[in-house]
Amino acid sequence: MNQVFRPDEHILNVLDGARRTMYDDAGVRLDAITGVAGAGAVLPGGLPIGVDRITMQPGTAFPLHVHEGAHLLYVLNGRGALHIDGRDYVLRTGDSIYVPAEYPHGVQGPIDDNPLDFLAFGVPHHPIDSHTRMVLVRDDELLAGAALEEAAVR
């Protein structure tokens, strides 16, 4: 057995941990969106895995972005929306969502006056305040992607 169980790294409470500011890939602060780091580890082969709690205040949104790996979201509390594949889906307490790797998506914060609180499980995982956690999809990339999809259909 190569891995070692480290309680100080492998048992973390995401409900009362220190809140950290989140950033996009250009280092721009995501106002009124915070995260609490959860447990994480490096799997055999070097792949990091982890979970974090993210809280979005009313009026906030994660812009359209991608991740290098797939992740699961689990809504702890609140109502928001997920934009993926050109459609919007309402999210509510108890929903679990699988987001495929490198699939452009965005999360709309609360659709009422209460915060949206969810867990984000990622493989590979990046620290909550990392500038590499997500890569924004910019308009020119969307246009290039649409052109590629259109060419593939022809």
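See the structure above.
Scoring rules and cut-offs
Residues numbered from 1 in each chain as written. Predicted model: local features only at pLDDT ≥ 70, side-chain atom pairs only at ≥ 80, totals over all residues. Heavy atoms only, no water. Helix = DSSP H or I, 4+ residues; strand = E, 2+ residues; numbered from the N terminus. Buried < 20%, exposed > 50% of the residue type's maximum accessible area, 1.4 Å probe, protein only. Contact = heavy atoms within 4.5 Å. Areas by Shrake-Rupley, 256 points an atom, 1.4 Å probe, with all protein chains shown as cover. Patch = residues over 30% accessible without salt bridge, like charges linked within 9 Å, V, L, I, M, F, W, Y side chains within 5 Å. Salt bridge = Lys/Arg side-chain N within 4 Å of Asp/Glu carboxyl O. Pairing = 2+ DSSP bridges. Axes fitted to C-alpha atoms, helices over the stretch in contact; angles between N-to-C directions. Polar contact = N/O pair within 3.5 Å; in protein donor to acceptor, adjacent residues only side chain to side chain. Core = buried A, V, L, I, M, F, W, Y, C linked by side-chain atoms within 4.5 Å.

A. Quick peek at the overall build of the protein chain. Broken down by element type, the protein chain carries two helices and eleven strands. Reading the protein chain from its N terminus to its C terminus gives the helix and strand order α-β-β-β-β-β-β-β-β-β-β-β-α. Considering the protein chain as a whole, with its 154 residues, one finds that 34% of them fall into the buried category. Within the protein chain, residue pairs in contact and separated by at least 24 positions form 65% of the contacts whose partners lie at least 6 positions apart. Carbon and sulfur atoms form 56% of the exposed surface of the protein chain, whose accessible area is close to 9,100 Å².

B. The arrangement of a nonpolar patch on the surface in detail. Among the surface-exposed residues, Leu 43, Leu 47, Ile 49 and Val 123 lie close enough to one another that they form a single nonpolar patch of about 250 Å² accessible area. Along the chain, the position of Ile 49 falls in strand E3 (residues 48-56).

C. Geometry of the sheet that holds strand E11 (residues 135-136). Within the open sheet, the five strands sit side by side as E7-E6-E9-E4-E11. Their pairing is antiparallel. With one partner strand each, in any of the chains shown, strand E7 (87-92) and E11 form the two edges of the open sheet. Examined bridge by bridge, strand E6 (residues 79-84) and strand E9 (residues 105-108) share four bridges and lie antiparallel to one another. Pairing of Ile 84 across the sheet is with His 105, part of E9.

D. Summary view of the pairing of E7. Pairing geometry for E6 and E7, over six bridges, is antiparallel. Pairing of Gly 80 across the sheet is with Leu 91, part of E7. The antiparallel hairpin formed by E6 and E7 contains two residues in its connecting segment, where Asp 85 sits at a positive phi of about 55°.

E. Representation of the environment of His 105. You can see His 105 is positioned in strand E9. Spatially, the C-alpha atoms of His 105 and Gly 86 are 8.8 Å apart, while their sequence positions differ by 19 residues. Aside from chain neighbours lying at most four places away, what touches His 105 is Pro 63, Leu 64, His 65, His 67, His 71, Leu 82, His 83, Ile 84 and Val 99.

F. Quick look at the pattern of salt bridges. Summed over the entire model, instances satisfying the criterion amount to four salt bridges. For the salt bridge of Asp 31 with Arg 29, the shortest nitrogen-to-oxygen distance reads 3.0 Å.

G. Geometry of the sheet that holds strand E5 (residues 71-77). What the six strands build is an open sheet, ordered E1-E2-E3-E10-E5-E8; its pairing is antiparallel. Strands at the two margins of the open sheet, each flanked by one partner only, are strand E1 (19-23) and strand E8 (96-99). Strand-to-strand twist across the sheet, computed as the mean angle between neighbouring axes with direction ignored, equals 30°. Sheet analysis places E3 next to strand E10 (residues 116-122), joined by seven bridges and oriented antiparallel. The residue of E10 that forms the bridge with Arg 53 is Leu 119.

H. Expanded view of the side chain of Ser 130. Structurally, the position occupied by Ser 130 is in the loop between E10 and E11. Looking at Ser 130, its side chain comes within polar contact range of the side chain of Thr 132, at 2.7 Å.

I. Fine view of the nonpolar core. Counting 20 residues, the largest nonpolar core has Ile 54, Met 56, Phe 62, Val 107 and Phe 118 as the members making the most contacts within it. Contributions of two or more residues to this core are made by strand E2 (29-42), E3, E5, E6, E8 and E10. In terms of residues, this core owes the most to one element, E10, which gives three residues. Those residues in contact with Phe 118 that sit more than four places away from it in its chain are Asp 52, Arg 53, Ile 54, Met 56, Phe 62, Leu 73, Tyr 74, Val 75, Leu 76 and Val 107.

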